[in-house]
Amino acid sequence: MHLETKAIHAGRGVDPSTGAVTIPLHPSTTFERGADGSFPSGYEYIRDDNPTRHAFETAMAALEGGQAAVAFSSGMAAITAVFEAYPRKGNRIIVPDDMYFGIRSLIDETDIGHRFDFVAVDMRDMDALRAAVGAAPTGLVWIETPSNPLIRVVDVRAACNIAHEAGALAVVDNTWATPILQRPFELGADAVMHSATKYIGGHSDLMAGVVVLPDASPLERPLRMIQKHKGTAAAPFDCWLALRGLQTLPVRMRAHCEGAQKVAEALRKHPAVEAVLFPGLPGDPGHALAGRQMSGYGAMLSFIVGGGAEAAVAVAGRLKLVVRATSLGGTHSLIEHRASVEGPRSMAPSGLLRLSVGLEHPQDIIDDLDQALSVAGRPGAFRGVRLARDVGYRPK
Ligand SMILES: *Cc1c(COP(=O)(O)O)cnc(C)c1O
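Residues numbered from 1 in each chain as written. Predicted model: local features only at pLDDT ≥ 70, side-chain atom pairs only at ≥ 80, totals over all residues. Heavy atoms only, no water.

(A) Broad picture of the domain arrangement of the chain. Looking at the chain, the domain boundaries give domain 1 (3-245) and domain 2 (250-391). Each of domain 1 and domain 2 has a C-alpha centre, and these two points are 28 Å apart. Taken together, the contact between domain 1 and domain 2 spans 37 residues of the former and 36 residues of the latter. Interface of domain 1 and domain 2: buried area, both sides summed, is about 3,000 Å²; carbon and sulfur atoms make up 62% of it. (Domains from an automatic or database assignment. Contact = heavy atoms within 4.5 Å. Buried area = accessible area lost by both parts, 1.4 Å probe.)

Laid out in structure tokens, this is it:
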């Protein structure tokens, strides 16, 4: 079956007891024993397993092309579980230097940072990755592509090969690409993680995470035990919403990508914009690789306005349609000044605004950005500051 069909049918069928076409929501925390003390339904207690969560896990495994999936209460709970579950080898984990900021906070502000030896590298540079993996026994290589917030594209196949040569597992955070645009198992990944809070849910109204695994994964049992005993399983209602979101994921991603391409092209031409970071633009350093590795360029982009933080915040402040809010992957376009969110350790240049292109008409998004970028009818007023060069991006 094709992805569009799996997104609607996998893990779900018409409910045999009622004929209901949409999957029922089962909030029940507990399930009846048979007279002999057994559990005839296979379900016992919500933390161990639940029919709605089970359906979401089955659907995600099918959609991502894996064999099993383990659903957690959030993307961060899923990431933490993978770090804790991986087969230890010097407790060493290689992460990208441009990574989802929540992981950096997890490392810096919880015990996770003390329990593992994290090494950050620029994963576009395979020599740097090989050197990092070879420097000491390494258990896990964490891959995120496209990256946050610099929208870098990492060669998943090459990074997985380097991990495997060193006996490490390679896990891909596929949140931004989704199973529709990027197929990490076909590129060698040992596990695929998603924050379902983003595109999978798709409507900014649920929080969940999931790890998808191939057959006979060494991660499956430890992840199940963490999910069950540490109590970080996804709630049935969130799984039900995620299943609802999944059904339209393929068509939403097509529309997200189309919109983002148009917005990126318009921003590129705007005189007040110094650089647009988006792999769909032919001049982008990740363009060719994304073209080979993904079936669409995604809908996350960053752009850099001249004039630094003050100018960028002012632009965001003038937007009327695009919402100033964190997160991504929903129907509403969202914008965020990442440097002020991330603080002094941020990789984001001070003039960078990260945009999650939603499902509004692209022209309306472009018009809103245009009016926000034009100060009193003087487009280009912010032009000419050095920020774009700080991270090696040439202004166009
Ligand atoms: C949001 C996000 C996460 C964390 O997911 P939560 O559901 O917010 O815990 C991890 N990775 C990426 C790439 C994300 O965008």
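Following the structure, the description resumes.
(B) Spatial organisation of the sheet that holds strand β11 (residues 334-337). Read across the sheet, 5 strands follow the order β8-β9-β12-β11-β10 without closing on themselves; strand pairing throughout is mixed. Two strands lie at the open edges of the sheet, namely β8 (273-277) and β10 (323-324), each paired on one side alone. The pairing of β11 with strand β12 (residues 352-356) spans 4 bridges and is classified as antiparallel. Across the sheet, the residue bridging to Leu334 is Ser356, located in β12. Strand contacts of helix α10 (residues 236-269): β8, β9 (300-305) and β12, with the helix running at about 10 degrees to β9, the strand carrying the most contacts. The sheet contacts of helix α14 (residues 362-373) involve β8, β9, β11 and β12, and relative to β9 the element is tilted by about 20 degrees. (Pairing = 2+ DSSP bridges. Helix = DSSP H or I, 4+ residues; strand = E, 2+ residues; numbered from the N terminus. Axes fitted to C-alpha atoms, helices over the stretch in contact; angles between N-to-C directions.)

(C) Focus on the nonpolar core. Residues Phe56, Leu129, Ile143 and Phe303 are the most contacted members of the largest nonpolar core, which totals 95 residues. Ranked by residues supplied to this core, first place goes to α10 with 12 residues. Composition of this core by domain shows at least three residues from each of domain 1 (3-245) and domain 2 (250-391). Core analysis: the next-biggest nonpolar cluster, separate from the first, contains 30 residues, Met99, Ile103, Leu106 and Leu213 among them. (Core = buried A, V, L, I, M, F, W, Y, C linked by side-chain atoms within 4.5 Å. Buried < 20%, exposed > 50% of the residue type's maximum accessible area, 1.4 Å probe, protein only.)

(D) Quick peek at empty space enclosed by the protein. Tallied over the entire structure, the rule returns 2 cavities of 30 Å³ or more. Here the largest cavity is characterised by a volume of approximately 40 Å³. Lining the largest cavity are Pro96, Asp97, Asp98, Asp122, Met123, Arg124, Glu144, Ser147, Arg152 and Val154. Looking at the lining of the largest cavity, its residues break down into 3 nonpolar, 1 polar and 6 charged. Taken as a whole, the second largest cavity holds about 40 Å³ of empty space. A class-by-class count of the residues in the lining of the second largest cavity yields 6 nonpolar, 1 polar and no charged. (1 Å grid on protein atoms, 1.4 Å probe; cavity = no way out; pocket = protein on both sides within 12 Å on 5 of 7 lines; lining within 4 Å. Points joined across faces, edges and corners; volume = space filled by probe spheres on them. Nonpolar A, V, L, I, M, F, W, Y, C, P; charged D, E, K, R; others polar.)

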